[in-house]
Amino acid sequence: MKQLLKMLDLSTEEITEILNLADQLKYELKNGIPHKHLEGKTLGMIFQKCSTRTRVSFETGIYQLGGQPLFLSSNDLQIGRGEPVQDTARVLSRYVNGIMIRTFEQNEVEELAKYGSVPVINGLTDFSHPCQVLADLMTIREYKNKIDGLNFCFIGDGNNMANSLTVGCLKMGMNVTLACPTGYYPPDIILDFAKAYGDKFRIVNDPVTAAKDADVVYTDVWASMGMEDEVEARRIAFRGYQVNDEVMAVAKPDAIVLHCLPAHKGEEITEKIFEAHADEIFEEAENRLHAQKAVMVLVMGDKEQS
Ligand code: CP
Ligand code: NVA
């Protein structure tokens with residue numbers, strides 16, 4: 001694995017390799033076993049959007065691996081004044097050993113990777129959020145002791161999370177059902193990918209239909225970062241697209257609930273369901289650390305790479 005730009009780029013074997021290493025690193029951290037695989041290495045982290053989890057888990061993670069982070073806000077970088085991403089990539093590649101980027105357009109991540117000469121990790125774009133999905137898959141495996149054959153349901157916007165979850169969950173053998181309002185489906189590139197999985201993928205309008213017999217119920221905000229102008233329109237369009245008692249009543253009795261966070265309680269999820277499943281949701285947040293450490297070791301480390 002040379003870099004992490006989107007879930008579509010990863011094979012099932014690569015995802016499994018990341019999850020296995022993430023489990024190992026989590027065990028090592030909890031048991032005080034040193035794992036400084038990135039001694040002396042620097043990760044540049046470009047943020048064009050806000051972050052709590054991604055920033056803190058990458059910063060802490062690289063420290064734990066023996067390296068150091070460089071937080072690069074777009075407000076401070078020349079990129080914020082119009083320096084092209086292609087030039088930024090070529091400059092940063094001469095200083096750092098890897099670059100994580102959170103931005104708007106997926107194309108910017110692809111260009112950074114094309115022009116840079118160090119590994120690039122996508123820390124969220126409007127199209128995808130692969131780091132989050134790797135932590136999600138890790139969490140699902142932890143709670144269910146398997147992934148293959150489970151029923152996965154996503155309720156809400158056909159956004160970066162729905163896109164990456166659809167791809168990641170299908171690649172790992174899950175049955176995926178999305179409940180999205182008409183007009184808010186994932187883009188064709190995702191729907192075309194998913195359709196190749198036949199009966200294992202469904203997209204419906206009704207959240208209760210989608211949640212029937214689900215092992216995992218997932219949701220995300222109605223309006224993502226960058227959609228601030230659409231908040232009111234989306235409140236109307238997504239009314240009813242909520243993980244609540246009615247939805248959970250048809251899911252399997254031992255279903256887990258996941259949320260990438262931040263959550264808007266009372267919108268996409270009720271406070272009651274959120275708190276009832278807080279253990280899973282915050283384990284999921286913790287697993288960002290372990291999954292991203294695995295990604296960094298695989299793309300930036302000297303370990304044999306597949
Ligand atoms: N889930 C997630 O990416 O959180 P942040 O926006 O806080 O990084
Ligand atoms: N869909 C959300 C995910 C946040 C982690 C957003 O892009 O804002």
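Above this text you will find the structure in question.
Notes on the structure in this doc start here. (Residues numbered from 1 in each chain as written. Chains lettered and ligands numbered in written order. Predicted model: local features only at pLDDT ≥ 70, side-chain atom pairs only at ≥ 80, totals over all residues. Heavy atoms only, no water.)

**Looking at unusual backbone geometry**
Part 1 of the reasoning: Cis geometry marks the peptide bond from L261 to P262; its omega dihedral reads 5°.
Part 2 of the reasoning: Within the element layout of this structure, P262 appears in the loop between β9 (256-259) and α11 (271-276).
Part 3 of the reasoning: Positive phi outside glycine occurs at L124, with the angle close to 120°.
Part 4 of the reasoning: Following the sequence through the fold, L124 ends up in the loop between β4 (120-122) and α5 (130-144). (Helix = DSSP H or I, 4+ residues; strand = E, 2+ residues; numbered from the N terminus.)

**Let's talk about the sheet that holds strand β5 (residues 151-155)**
Part 1 of the reasoning: Pairing is parallel across the open sheet formed by 5 strands, whose spatial order is β7-β6-β5-β8-β9. Looking at strand neighbours, the two that pair on one side only are β7 (201-204) and β9, the edges of this open sheet. The sheet shows a mean angle of 20° between the axes of neighbouring strands, direction not considered.
Part 2 of the reasoning: Bridge analysis of β5 against strand β8 (residues 216-219) gives 4 bridges, and the strand direction is parallel. Within the sheet, the bridge partner assigned to I155 lies in β8 and is T219.
Part 3 of the reasoning: Lying on the sheet, helix α6 (residues 160-171) is in contact with β5, β6 (175-179), β7 and β8; it crosses β5 at an angle near 175°. (Pairing = 2+ DSSP bridges. Axes fitted to C-alpha atoms, helices over the stretch in contact; angles between N-to-C directions. Contact = heavy atoms within 4.5 Å.)

**Let's talk about the environment of V120**
Part 1 of the reasoning: Mapped onto the elements, V120 comes out in strand β4.
Part 2 of the reasoning: A residue is classified by how much of its surface remains accessible, and V120, at 0% relative accessible area, is buried.
Part 3 of the reasoning: For the pair V120 and Y197, spaced 77 residues apart in sequence, the C-alpha to C-alpha distance is 29 Å. (Buried < 20%, exposed > 50% of the residue type's maximum accessible area, 1.4 Å probe, protein only.)

**Some points on the pattern of salt bridges**
Part 1 of the reasoning: Within this structure, the stated rule accounts for 19 salt bridges.
Part 2 of the reasoning: In this structure, the salt-bridge partner of E283 is K26, at a minimum N-O distance of 2.7 Å. Of this pair, E283 sits in helix α12 (residues 278-300) while K26 sits in helix α1 (residues 12-30); the two residues are 257 residues apart in sequence, bridging distant segments of the chain.
Part 3 of the reasoning: Overlapping salt bridges, with partners in common, bring together K6, D9 and E110 in one network. (Salt bridge = Lys/Arg side-chain N within 4 Å of Asp/Glu carboxyl O.)

**Quick notes on the sheet that holds strand β1 (residues 42-47)**
Part 1 of the reasoning: Strand order across the open sheet formed by 4 strands is β2-β1-β3-β4, with parallel pairing between neighbours. With partners counted over all chains shown, the strands left at the sheet margins are β2 (68-73) and β4, one partner each. Neighbour to neighbour, the strand axes of the sheet diverge by 20° on average, direction disregarded.
Part 2 of the reasoning: Where strand β3 (residues 98-102) lies against β4, 3 bridges are found, and the strand directions are parallel. Among the inter-strand pairings, I99 is bridged to a residue of β4, identified as V120.
Part 3 of the reasoning: The strands touched by helix α2 (residues 53-64) are β1, β2, β3 and β4; relative to β1, the strand with the most contacts, the crossing angle is about 175°.
Part 4 of the reasoning: Here helix α4 (residues 106-115) sits on the sheet in contact with β1, β3 and β4, set at roughly 165° to β4.

**Regarding the layout of surface pockets**
Summary: where empty space remains is shown by rolling a probe the size of a single water molecule over the atoms.
Part 1 of the reasoning: Approximately 570 Å³ is the volume attributed to the largest pocket.
Part 2 of the reasoning: Around the largest pocket, the lining comprises 34 residues; the ones closest to its centre are V221, A223, S224, M225 and P262.
Part 3 of the reasoning: Sorting the residues of the lining of the largest pocket by element identifies α2, α6 and α9 (231-237) as the ones contributing at least two each.
Part 4 of the reasoning: Along the lines of polarity and charge, the residues of the lining of the largest pocket split into 12 nonpolar, 11 polar and 11 charged. (1 Å grid on protein atoms, 1.4 Å probe; cavity = no way out; pocket = protein on both sides within 12 Å on 5 of 7 lines; lining within 4 Å. Points joined across faces, edges and corners; volume = space filled by probe spheres on them. Nonpolar A, V, L, I, M, F, W, Y, C, P; charged D, E, K, R; others polar.)

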